[in-house]
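# Report on the structure
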Amino acid sequence: VQKTLDYIAGAVAQGRKVELRNFGVFEVKVRKARIGRNPNAPAKDVPIPQRAVVKFKPGKEMREEVLKLTPEAIAAANLVPPTPDDSPETH
């Protein structure tokens, strides 16, 4: 698994798009330059240069499953630490 993640990270770091069927797509997008504001000194503009960012677009199946979640289910899942037997194949 780690080698796969390393490959994905390396490909994205080179600016390539990585698509994992039924999971999602990782790709690099360029955010435009913009003007920001410092909340501690709102009168002063802060220029934010353009930069590359990683975007993830979930696949259809994942998106549909996540939409079924309730706030209670999310809270319960975050309270229980995952076990070695708690893999997607067992659900």
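The structure we're discussing is the one just above.
Going along each chain's sequence as written, the residues are numbered from 1 onward. Only residues with pLDDT of at least 70 get local features here, since the model is predicted, and only at 80 or more are side-chain atom pairs given and counted; chain-wide, interface and lining totals rely on the full set of residues. Note that the side-chain values use all heavy atoms of the structure and ignore hydrogens as well as water.

## Overview of the overall build of the protein
- Scanning the protein from N- to C-terminus turns up three helices and five strands.
- Along its sequence from the N terminus, the protein presents helices and strands in the succession α-β-β-β-β-β-α-α.
- Each accessible area is a Shrake-Rupley estimate made with a 1.4 Å probe; only the visible protein chains count as cover when residues are assessed. Split by element, the accessible area of the protein, about 8,100 Å² in all, is 59% carbon and sulfur. Each helix is a run of H or I in the DSSP string that is no shorter than four residues. Each strand is a run of E no shorter than two, and both are numbered from the N terminus.

## Points about a positive patch on the surface
- Among the surface-exposed residues, K17, K29, R31, R34, R51, K55, K57, K60 and R63 lie close enough to one another that they form a single positively charged patch.
- Every element with two or more residues in the positive patch is listed here: β2 (24–31), β5 (51–58) and α2 (60–67).
- Top element by residues in the positive patch is β5. It accounts for three residues. Patch rule: a residue counts if its relative accessible area is over 30% and it has no salt bridge; like charges are joined within 9 Å, and nonpolar side chains (Val, Leu, Ile, Met, Phe, Trp, Tyr) within 5 Å. Basic side-chain nitrogens of Lys or Arg form a salt bridge, by our definition, when they fall within 4 Å of a carboxyl oxygen of Asp or Glu. His is not counted, nor are the chain ends; Lys and Arg add positive charge and Asp and Glu add negative charge. For charged residues, the charge sits on one atom: NZ in Lys, CZ in Arg, CG in Asp, CD in Glu.

## Observations concerning the layout of surface pockets
- Detection works on a 1 Å grid of protein atoms alone, calling trapped sets that fit a 1.4 Å probe cavities and calling open sets with protein on both sides within 12 Å along at least five of seven lines pockets, with lining residues defined by an atom within 4 Å of a point. Grid points are joined across faces, edges and corners, and a volume is the space filled by probe spheres set on the points. In this model, the second largest pocket occupies a volume close to 160 Å³.
- The wall of the second largest pocket is formed by 13 residues, among which E19, G24, V25, K57 and G59 lie closest to the centre.
- Taken together, the elements giving at least two residues each to the lining of the second largest pocket come down to β1 (18–20), β2 and β5.
- Of the residues forming the lining of the second largest pocket, the biggest block, three residues, is contributed by β2.
- Here the residues of the lining of the second largest pocket are counted per class, giving four nonpolar, three polar and six charged. Any residue outside Ala, Val, Leu, Ile, Met, Phe, Trp, Tyr, Cys, Pro, Asp, Glu, Lys and Arg is labelled polar, Gly included; the first ten of those are nonpolar and the last four are charged.

## Comments concerning the sheet that holds β2
- With antiparallel pairing, three strands are arranged side by side in an open sheet as β1-β2-β5. Each edge of the open sheet carries a strand with a single partner, namely β1 and β5. This sheet shows a mean twist of 25° between the axes of neighbouring strands, independent of strand direction.
- At least two DSSP bridges between two strands are needed for those strands to be called paired. Note: β2 against β5, eight bridges, orientation antiparallel. In the sheet register, V25 faces β5, and the bridge partner there is K57. Under this scheme, a helix contributes an axis fitted over its contacting stretch, all axes are lines through C-alpha atoms, and angles between N-to-C directions fall in the 0 to 180 degree range.

## Concerning the packing of aromatic side chains
- Only centres within 6.5 Å qualify two rings of Phe, Tyr or Trp (six-membered ring in Trp) as a pair; their planes then separate them into stacked at under 30 degrees, edge-to-face at over 60, and tilted for everything else. Following the criterion strictly, the structure yields two aromatic pairs and no others.
- With a centroid separation of 5.5 Å and an interplanar angle of 55°, the aromatic rings of F23 and F56 are classed as tilted. In this pair, F23 sits in the loop between β1 and β2 while F56 sits in strand β5, placing the two residues 33 residues apart along the sequence.
- Judged by its relative accessible area of 35%, F23 falls in the partly exposed class.
- Ring geometry for F26 against F56: centres 4.7 Å apart, planes inclined by 45°, an arrangement best described as tilted. On the criterion of sequence distance, the pair formed by F26 in strand β2 and F56 in strand β5 is long-range, its members being 30 residues apart. Relative accessibility thresholds used throughout: buried, under 20% of the residue-type maximum; exposed, over 50%; partly exposed, between the two (1.4 Å probe, protein chains only).

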